[in-house]
Number of protein chains: 2
Amino acid sequence: MSKNMLETLFNPKGVAVIGASGKELHIGNRVIKNLVDFGYQGGIYPINPKADEIRGIKAYQSILDVPGQVDVAHMVIPARFVPMAVEDCGKKGVKHIIINSGGFSETGPEGAEIEKAFMEKARAYGIRVFGPNCQGIINTDPAVKAYCNFTFTFPEAGHISIVALSGGVAEVIHQGFSAMDVGTRIYASNGNACDVSIPEIIRYLADDDGTRVIVTYVEGLKDPMGFFEAARQATSRKPVLAMKAGRTMEGAKAAASHTGGLAREDMATDLIFKKAGIVDFRDEGHLINAAVAFGSQPVPRGNRVGIITNTGGPAVIATDILVDAGLTLPPLSESTRALLAKKLYPEASISNPVDVLATGTADHYLACLEALMADDSFDCILVHFVTPFFVDTKRIAEAIARINQQQLKPMVCNLMTDRRQWAETVTILKTGGVPCFALPSDAARALGALVRYRNILDREPGRVRSYADVDTDAARAVFDRSDGQTMLTSDQVYEILEAYGIDVPEWRMAADMDGAVAAADAIGYPVVLKADAASVVHKSDMGGVAVNLTDADAVKKAARKMTERIDAPDLRFFVQQFVPGGREVILGSKAEPGVGHLIMFGLGGIFVDVLKDVVFNLTPVTDAEAREMVGGIQASALLDGARGEKPVDKTALIDLIQRLSKLVTDFPQIKELDLNPVLAFEKGAVAVDARIAR
Amino acid sequence: MSKNMLETLFNPKGVAVIGASGKELHIGNRVIKNLVDFGYQGGIYPINPKADEIRGIKAYQSILDVPGQVDVAHMVIPARFVPMAVEDCGKKGVKHIIINSGGFSETGPEGAEIEKAFMEKARAYGIRVFGPNCQGIINTDPAVKAYCNFTFTFPEAGHISIVALSGGVAEVIHQGFSAMDVGTRIYASNGNACDVSIPEIIRYLADDDGTRVIVTYVEGLKDPMGFFEAARQATSRKPVLAMKAGRTMEGAKAAASHTGGLAREDMATDLIFKKAGIVDFRDEGHLINAAVAFGSQPVPRGNRVGIITNTGGPAVIATDILVDAGLTLPPLSESTRALLAKKLYPEASISNPVDVLATGTADHYLACLEALMADDSFDCILVHFVTPFFVDTKRIAEAIARINQQQLKPMVCNLMTDRRQWAETVTILKTGGVPCFALPSDAARALGALVRYRNILDREPGRVRSYADVDTDAARAVFDRSDGQTMLTSDQVYEILEAYGIDVPEWRMAADMDGAVAAADAIGYPVVLKADAASVVHKSDMGGVAVNLTDADAVKKAARKMTERIDAPDLRFFVQQFVPGGREVILGSKAEPGVGHLIMFGLGGIFVDVLKDVVFNLTPVTDAEAREMVGGIQASALLDGARGEKPVDKTALIDLIQRLSKLVTDFPQIKELDLNPVLAFEKGAVAVDARIAR
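Keep in mind that what you see is a predicted model, and the values were worked out from it rather than measured.

Caption draft 1: Broad picture of the relation of the copies chain B and chain A. Superposing chain B onto chain A requires a rotation of 180° together with a translation of 0.0 Å along the rotation axis, leaving an RMSD of 0.0 Å. On this basis, the relationship between the two copies can be described by a two-fold rotation axis. Take the interface residues of chain B: 100% of them recur as interface residues in chain A, which is what a same-surface contact looks like.

Okay, structure coming up:
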């Protein structure tokens, strides 16, 4: 459904501009100019009650006077007039409205009211609204050529589509492609996005055959799960490249000040990117370069790169970057070596990188390109090409372009030249669809991004395990019982953990000192004694924990001390089998509104406190993700038994993460849950302290 | 002296080209063309025995026939003819020879012989040789305009100087400036660098008033200490920006294959960069952008940045990058807020970043620029400027350029535009010396580099401490005694440590079991017993260490076991006071040929084995550097007493690092030295195990 609805937005038969203006510096003039200059293939209808024509095009007093079909109506009028204009559009049968004007929810409650008002009308007429407070869209499809936008970059037709709320950043990215003479397919910047959303546009672009790669920029997600679903579906079909800004607290504040949102540290977006299979970036330049490569190159089969160069240093720089990005540089196969030894200069370096020397000819390049394309040792190729005056650079460019057009393996080119003096050479490469980068690092990183997408496609799919031994009803009973509490009591916590098959030491609850002793006797010594009362959150800080109590006397003494120290009428005692040894790990979970829960895993003690060596994921955590988490901490070698210690039961930890994920998914009312510590042994893992806040 | 000698290289009165050619595609033609096209101010003398003129310039049969003064002679002739040609140059009184031809040491021993041969002649005549196998130099000084080079970028006059062995990378960097319409001052790429060296050129550029910033690229250092000294002196006067490639093992291999050097992991170069105060880069694009900023901007007084923008998103991106780079975004002062509230649109965002809105005018920009320049809260300014069609972008550009020319505080500009449509606006900014970057991240990182140089200038100078209590003679006696050994025995090691005032537990050497017991009795229990023999390197693996022996019996038993286990005729026993507790740290040192020694510091155990949480420096380590090392490990909070533990005596560790540095500096024959572990206490630190290899 959404595809069909956006189809006419991006391929409109007629475009009206409500608020069309005769003034050059008015957006209501610029949109018309852009449509005309870009060569829009449909009807253009300026709407202005006082003008007969705008930019030489017949104007209409009202949209209702327009004779032809209007699929898209721009609104470039003060906010307060928009609801009425929407009404008119509805009567005319307009399908989409692009509201370029501002003055809506981004300005405060009054504007938000107007937004609500026009949306009611739009819904009544089945009109989809793009914006408000937005730039608009561009579609370079030669059959459409829709420039429903007031920005300034005039793209060639290409295969990269851009979607972002922020017009400024969308334009920076767009301009980046343009400056490299790389075309785009669809451009969409939807400002406040009160109706047509980023996820919906991503879904449209995933279906659009002309789009080979989708690029987006976000400062936070309005509809995280909608974005996740749309992106996940898209990434299985074509690469989605994304950058999130506002990563730092200061950045988040800057974002909040121009979007009217809340400044907050946002870990969920990164995790959503990862889970959805997005190729993510922290630098818009890297994103632009990667998109250029994706726009023209196939996806590599693996991470093995062959390098061809006619100058040494740049290949060294690229090699460092490629290795950092996880690519490998295998040696040339024997047959490739033998072949090139015959074809290249005797002084040429016949290894990987292959250096044909500055005097290397087009035949030399061609021999290398053909050999590396045919050599099964390589999945992709990086070509460095500096243009010395003493070789026929045009013929070299032709060789590179010809091989590129066979699309056998992805190839990027680090073209080091002066574009003015070597304009023809540059044009041959560009026309041949060779992604060219002036800097070796940029070329290498773009290739690295292609390999990242290969790794995403090859990810183990993973599944959310179901557990036959989980007793959801038992846990639900505890939650029902604890309604109104913000912290669950120890017995409630451990009942829930047991219901979810999470190993805990044997435990009993006792109302008083004698009860505690009886409980300890029943469990068997040694035991741990913990004070339990609503007011006792930080038990150990308040002297509310005593471990390794070896007999009844010790239990009695400890309970007495706690009674003296903690003055709480609801004080009870939680008695637990004492479990010595094991490697301390911690698991945690935190509700993330609109997303689900974050799940955290790490080693305990200094590893979390000092080294912050923890990993996160989002619910529901699949088996593959749980495995990745356990292997993903920096000190993971310790779990494998580094330094002569025994390895721990990673399978148990992976299972535990999934049970925890299921628990918080089943009970969204859980605000925070900590298993700290969990003791991991050679066989099994036991949660010896736990806390649940709701 | 070196300055004077290079003075004529970079400012030659006359240039001869030996091997001048009439063929367009010959370097001997291109150099003449480049000199002419660039507008060289001196005499040009083609040398060719068979031609009357080259490119319309009178040619000479021999350099001896040239009537005018020749300061620089290019050689573009086969290697074997070079020694003879050098002889002729000597007779003519040529001061510098630039050998563009290859075929020398880079090709193997035969070429190296030729290199030796011509260098002998050059030295005899006092000629300095630049190259061979090199591009040459460019000097853009309008009074000189020397383009003694066969490359293709024609730079405007500017303030950035480039020096690198690699012509390919030097050209990439040079082309980077050119593509941004930024001029350069001096360009020097010296290939094999058999005589005129990178350090010598850096010294010349440090003295050159026209050079505001020096840029270099290396794949390794031929003369590490010469480079260090030259760079250290230069960085106190002007910024030196450098990048080292071949960081990865694969990159080092690629570098070795084109320089003929050895592939090896090179940690020393990074440490030399740091110690010399170089602003270092891992990405040539970042280096280029930083150089552009340094070329026109003053050094900021601190790290506080104010941002002005007319579009939200790009300022969010920049903020993230700035914060990552250690800059802060303070709030506007009250008076700035009050002032801007009067001058900007009511909807403008008057905080940091200041958002004047897309419709913001030149007056708005000017008000912000003046206010932030006057506001003591800020040390530098980042201006984002997108060019909407509906504002007077030329006037905005004029405002930015005018404020920039006051050079009150450094400023960089993220200019988001289409260079073709807004050519005049772009020109105003460029002419005004405003460093302009198309991407917000690039602008932010360039500003970050300016602040990095500020931090380098503000570094605590640090001094190499001298120690009155160090007994060098005693240590020397041990080294004299141990001549011929590769590993020192325990008594030798501990004697040396004691001579250098390094705390060790009380110890004795014993020839046999009874001696060991006597030694233990004398020291007092508990003790540690260690087997000592030339063949026992990994003592603990061989069961050659027994700790916490509490009485004579235990010592006897342990000694007997070791005797049985270790079949070495030279077996002796090292008896040492047992020191319980303390935080395990490790110190180490390793000889680095041509540089001195690496000094390593870290926490012991898993921190070094699993987490690799160690820091390095180079001898001689100053007090400031030792302090930085101790504070520089990731887990340094543990030394301060995290998690309720007692803090350790960091002063003792800082002292220990310096004593170790002095020891290995005084005795360069030390190949490796480990103090592992050192036990650090609340007061003091004791080396309980140590090893010295020579």
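Read on, since the account is not over.
Caption draft 2: Up close: the environment of Ala624 of chain B. Residues and elements named next belong to chain B. Looking at the element boundaries, Ala624 is found in helix H22 (residues 623-632). Residue classification places Ala624 among the buried positions, given a relative accessible area of 11%. Setting aside its immediate chain neighbours within four residues, Ala624 contacts Glu460 and Gly462.

Caption draft 3: Layout of the pairing of strand S25 (residues 583-592) of chain A. Residues and elements named next belong to chain A. Among the 10 residues that make up S25, 7 are buried, leaving the element largely enclosed by the rest of the structure. By the bridge criterion, 8 bridges tie S25 to strand S26 (residues 596-603) in an arrangement that is antiparallel. Within S26, the position partnered with Gly588 by the bridge is Met600. Counted along the chain from S25 to the antiparallel partner S26, the turn is 3 residues long, and its residue Gly594 has a positive phi close to 80°.

Caption draft 4: Representation of the sheet that holds strand S19 (residues 411-416) of chain B within the structure. Residue and element names in this part refer to chain B. Strand order across the open sheet formed by 6 strands is S16-S17-S15-S18-S19-S20, with mixed pairing between neighbours. In this open sheet, the two edge strands, each paired with only one partner strand, are strand S16 (349-350) and strand S20 (436-437). The pairing of strand S18 (residues 380-386) with S19 spans 6 bridges and is parallel. Considered in S19, the bridge of Phe385 is made with Leu415.

Caption draft 5: Representation of a positive patch on the surface in the model. All names here are of chain A. Among the surface-exposed residues, Lys556, Lys557, Arg560, Lys561 and Arg565 lie close enough to one another that they form a single positively charged patch. Locating Arg565 in the fold gives a position in helix H20 (residues 552-565). Residue Arg565 is classed as partly exposed on the basis of its relative accessible area of 47%.

Caption draft 6: The arrangement of the environment of Lys274 of chain B in detail. Residue and element names in this part refer to chain B. With respect to the helices and strands, Lys274 occurs in helix H9 (residues 268-276). Along the sequence, Lys274 and Phe616 sit 342 residues apart, while their C-alpha atoms lie 11 Å from each other. When near neighbours in sequence (up to four residues on either side) are disregarded, Lys274 contacts Arg459 and Glu628.

Caption draft 7: Quick peek at the side chain of His96 of chain B. Residue and element names in this part refer to chain B. Residue placement: His96 occurs in strand S6 (residues 96-99). One polar contact links the side chain of His96 to the main-chain carbonyl oxygen of Met5, over a distance of 2.6 Å. Not counting residues within four places of it along the chain, the set of residues in contact with His96 comprises Met5, Leu6, Thr8, Leu9, Asp71, Val72, Ala73, Ile127 and Arg128.

Caption draft 8: Local environment of the interface of chain B and chain A. Contacts between chain B and chain A engage 74 residues on the former and 74 residues on the latter. Around 5,700 Å² of area is buried between chain B and chain A when both sides are counted, 64% of it from carbon and sulfur atoms. Between the two partners, chain B and chain A, sit 6 salt bridges. Put simply, Arg445 of chain B and Asp283 of chain A hold a salt bridge, and the shortest N to O gap is 2.6 Å. For the pair chain B and chain A, the number of links is 16 residue pairs in polar contact (both at pLDDT 80 or more). Within the residue set of the side of chain B that touches chain A, elements represented by two or more residues are helix H2 (27-38), helix H5 (167-179), helix H8 (249-259), helix H10 (284-296), helix H11 (312-324), helix H16 (440-457) and helix H21 (606-609) of chain B. In terms of residue class, the side of chain B that touches chain A is built from 34 nonpolar, 22 polar and 18 charged.

Caption draft 9: Region of the structure containing the pattern of salt bridges. All names here are of chain A. Evaluated as defined, the whole model comprises 86 salt bridges over all chains. Across the pair Glu495 and Arg481 runs a salt bridge, and its minimum N-O distance is 3.2 Å. With Glu495 in helix H18 (residues 490-499) and Arg481 in helix H17 (residues 472-481), this pair connects stretches of sequence that are 14 residues apart. Given the relative accessible area of 30%, Glu495 is considered partly exposed.

Caption draft 10: Representation of the packing of helix H10 (residues 284-296) of chain A against helix H16 (residues 440-457) of chain A in the model. All names here are of chain A. Here H10 crosses H16 at 65°, and the two axes come no closer than 8 Å. By the angle between their directions, the pair H10 and H16 is classed as roughly perpendicular. For the pair H10 and H16, the crossing hand works out as right-handed. Contact residues: H10 offers His286, Asn289, Ala290, Ala293 and Phe294, while H16 offers Asp442, Arg445, Ala446, Ala449, Leu450 and Tyr453.

Caption draft 11: Examining the sheet that holds strand S23 (residues 545-549) of chain A more closely. All names here are of chain A. Strand order in this open sheet of 4 strands is S21-S24-S22-S23, and the pairing throughout is antiparallel. Looking at the sheet topology across the chains shown, the edges are occupied by strand S21 (507-510) and S23. Each strand axis lies, on average, 20° off the axis of its neighbour in the sheet, ignoring direction. Relative to strand S24 (residues 572-577), strand S22 (residues 527-532) runs antiparallel, the two being bridged by 6 bridges. Its bridge partner being in S24, Lys530 is matched across the sheet by Phe574. Relative to S22, H20 is tilted by about 20°, and along the sheet it contacts S22, S23 and S24.

So, how was this worked out
- Residues numbered from 1 in each chain as written.
- Chains lettered and ligands numbered in written order.
- Predicted model: local features only at pLDDT ≥ 70, side-chain atom pairs only at ≥ 80, totals over all residues.
- Heavy atoms only, no water.
- Least-squares fit on C-alpha atoms with pLDDT ≥ 70 in both.
- Contact = heavy atoms within 4.5 Å.
- Helix = DSSP H or I, 4+ residues; strand = E, 2+ residues; numbered from the N terminus.
- Buried < 20%, exposed > 50% of the residue type's maximum accessible area, 1.4 Å probe, protein only.
- Pairing = 2+ DSSP bridges.
- Patch = residues over 30% accessible without salt bridge, like charges linked within 9 Å, V, L, I, M, F, W, Y side chains within 5 Å.
- Areas by Shrake-Rupley, 256 points an atom, 1.4 Å probe, with all protein chains shown as cover.
- Salt bridge = Lys/Arg side-chain N within 4 Å of Asp/Glu carboxyl O.
- Lys, Arg positive; Asp, Glu negative; His and termini not counted.
- Charge placed at Lys NZ, Arg CZ, Asp CG, Glu CD.
- Polar contact = N/O pair within 3.5 Å; in protein donor to acceptor, adjacent residues only side chain to side chain.
- Buried area = accessible area lost by both parts, 1.4 Å probe.
- Nonpolar A, V, L, I, M, F, W, Y, C, P; charged D, E, K, R; others polar.
- Axes fitted to C-alpha atoms, helices over the stretch in contact; angles between N-to-C directions.
- Parallel < 35°, antiparallel > 145°, perpendicular 65-115°, else oblique.
- Left-handed = near helix turned anticlockwise from the far one by under 90°.

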